[in-house]
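# Descriptive analysis of the structure
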Amino acid sequence: MSAFEGAFDPGRLVMVDIPGQSLDADTAAFLRAHKIRAVCLFRKNLGSEDEVSALVADLSAVLGPEALIGIDQEGGAVVRATFLPQPPSAMALGSAWRGDGDAQRAEGVGAAVARGLKSLGINWNFAPVLDVNNNPANPVIGERSFSSCPDEVTGLAQAWMRGSLAEGVACCVKHFPGHGDTHVDSHHALPTVDKSRAELDALELRPFKALAAQAPAMMTAHIVYPQIDAERPATLSPELLGGILRRDWGYDGVVITDALMMKAVAERFGYARSAVMAIEAGADMVLAQGSQAEQLVAINALREAFAGGRLTAAQGERANARLDRLARAHPAGARSDAAARAADHALMDQAWAAGLTALRGARPPRLSEPVRVIVQGDVPTDMVSEAGPKGRQAVALFDGFVDAQVLMVDDIATLDWASVPQDGRVNVLVSTRRARYGAAAQGWKPDLHIALWNPYQALDVAGPTLLSWGFAPGALAGVKAWLEGRAPATGRAPEGLA
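Report on the accompanying structure.

## Some words on the sheet that holds strand E14 (residues 404–409)
Across the sheet, six strands lie side by side as E12-E17-E16-E15-E13-E14; this open sheet has mixed pairing. Pairing within the sheet leaves two strands with one partner each, and these edge strands are strand E12 (357–359) and E14. Sheet twist, expressed as the average angle between the axes of neighbouring strands with direction ignored, equals 20°. Both strand E15 (residues 426–431) and strand E16 (residues 448–451) contribute to a ladder of four bridges, which runs parallel. Bridging across to E16, Val 428 finds its partner in Leu 448. Each of E16 and strand E17 (465–467) touches helix H14 (residues 473–483); the most contacted strand, E16, lies at about 160° to it.

Listed below in structure tokens is the structure:
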């Protein structure tokens, strides 16, 4: 008899993704056969609201009463269900933050996000982000972080999480022990943060430690912290998961890995090895995306590790019990509050508007002034964030101007400022992309720069700048109101941007 027969199947420790916008018979049979209880939904799975509700209901029936159905509904550009009220990015909330007494907005947003997910039957949200974005060159966190200050991250995330948990949706804070000070995106390569334990305690770890007792789940980072563990990223590190998180802090919530398919782990350790190493290190669940064959590699590797004794029955049962507890405390199943939906849309719009931030004396042109709008036409998704706004959406912000000329470019990074006419028009550069401009922006001198996504582009372009922290409908409505003189920009930028 294997270590898990009669108790639990290791498939219960694996979260998978699925193809399509409905549950096909083959996928349902795969989930049942391998006792899988956790599925993560991505943009590819989301059709209309009715279609998503039907998909989640079908999944719940197959996964069982302790189903965990997860999604990334952080806010800003990392929002999968775009038909729900779209929350502001974390840093948009941070820009309007004025201290611990000002928690109502963040708590309200967290609750509204949860109500939307709960209306679909989704019970696990991979948010909020606890990363402290103290590195302006960070390619993947940026405005997904509440702040460059760990105490502000803690206060805002605590409020956001309180709202979500009160509405019955489990949070999963991420990315332990901190992804804010990286120059590399772990989707594509393995980042390193070369800091001592004391340095990590002073910055990256502070929000995670402060909120550990309140966070029902944590997601790991695929990052090497060589002064703690020189060989393994945090996801696979007994020193970080089993040591700092479990032993030092006594954390007994669920620990789930970031996706094993990300190159930071997949190319160095592979699905089979990394799945086992993660549970061995102290994780409870591995996120194994990909084809059924790839998912099965992770499941079978765990089965073999339990059967062979590398992983003990006690380890598996402890992980399974934590996951059971999470699912029972936050049951899946649709519980809609239709009356709150309109109010939640309004709340999100107000929260976006409150974060609007003007730098270096930025003021809107007069509506009677001739303007030139310089913008990139299309920004595809990077598979982490949603696709950026279309150029035409940026152009529509200037509908109220008497004379608005458009200069649409294929790639804003190739813009030659010498080719931009200096003919008396107000030249307004509108950024719809996430990547920093870098050296490409040398010599750019717009009369007004509007960053609709990455606020750190303000460091690349000298001159008056408006930051919206994102491009959801509420953010664009706020920018349009500011341009037309109907609303102020009262937000404040984090340290390093102001």
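## Focus: the packing of helix H4 (residues 104–120) against helix H12 (residues 338–355)
Relative to each other, H4 and H12 sit at 140°, their axes nearing to 10 Å. Judged by the angle between their axes, H4 and H12 are oblique. For the pair H4 and H12, the sense of crossing is left-handed. Across the interface between the two elements, Arg 105, Gly 108, Val 109, Ala 112, Val 113, Arg 115 and Ser 119 of H4 pack against Ala 340, Arg 341, Asp 344, Leu 347, Met 348, Ala 351 and Ala 354 of H12.

## Points about the side chain of Gln 289
As for its position among the elements, Gln 289 is in the loop between strand E11 (285–287) and helix H10 (292–308). Residue class for Gln 289 comes out buried when judged on its relative accessible area of 11%. Residues contacting Gln 289, with those up to four places away along its chain left out, are Asp 17, Phe 42, Ala 259, Met 261, Tyr 271, Glu 294 and Gln 295.

Here is what the cut-offs are and how they apply
The residue numbers shown here count from 1 along each chain, following its written sequence. Residues qualify for local features only when their pLDDT is at least 70, as the model is predicted, and side-chain atom pairs are given and counted only at 80 or more; totals for whole chains, interfaces and linings, by contrast, use all residues. To get the side-chain values, all heavy atoms of the structure are used, and hydrogens and water are removed first. Two strands form a pair only when DSSP identifies at least two bridges running between them. Strands here mean DSSP runs of E at least two residues long; helices mean DSSP runs of H or I at least four residues long; both are numbered from the N terminus. Here an angle of 0 to 180 degrees is reported between the N-to-C directions of two axes, which are lines fitted to C-alpha atoms, with helices fitted over the stretch in contact. Between two residues, a contact is recorded if the distance between any of their heavy atoms is within 4.5 Å. Angles are sorted into four bins: roughly parallel if under 35 degrees, roughly antiparallel if over 145, roughly perpendicular if 65 to 115, and oblique for all others. In this scheme the handedness of a crossing depends on how the near helix is turned from the far one: anticlockwise by less than a right angle means left-handed, clockwise means right-handed. Accessible area is worked out with a 1.4 Å probe on protein chains only. A residue is then buried under 20% of its type maximum, exposed over 50%, and partly exposed in between.

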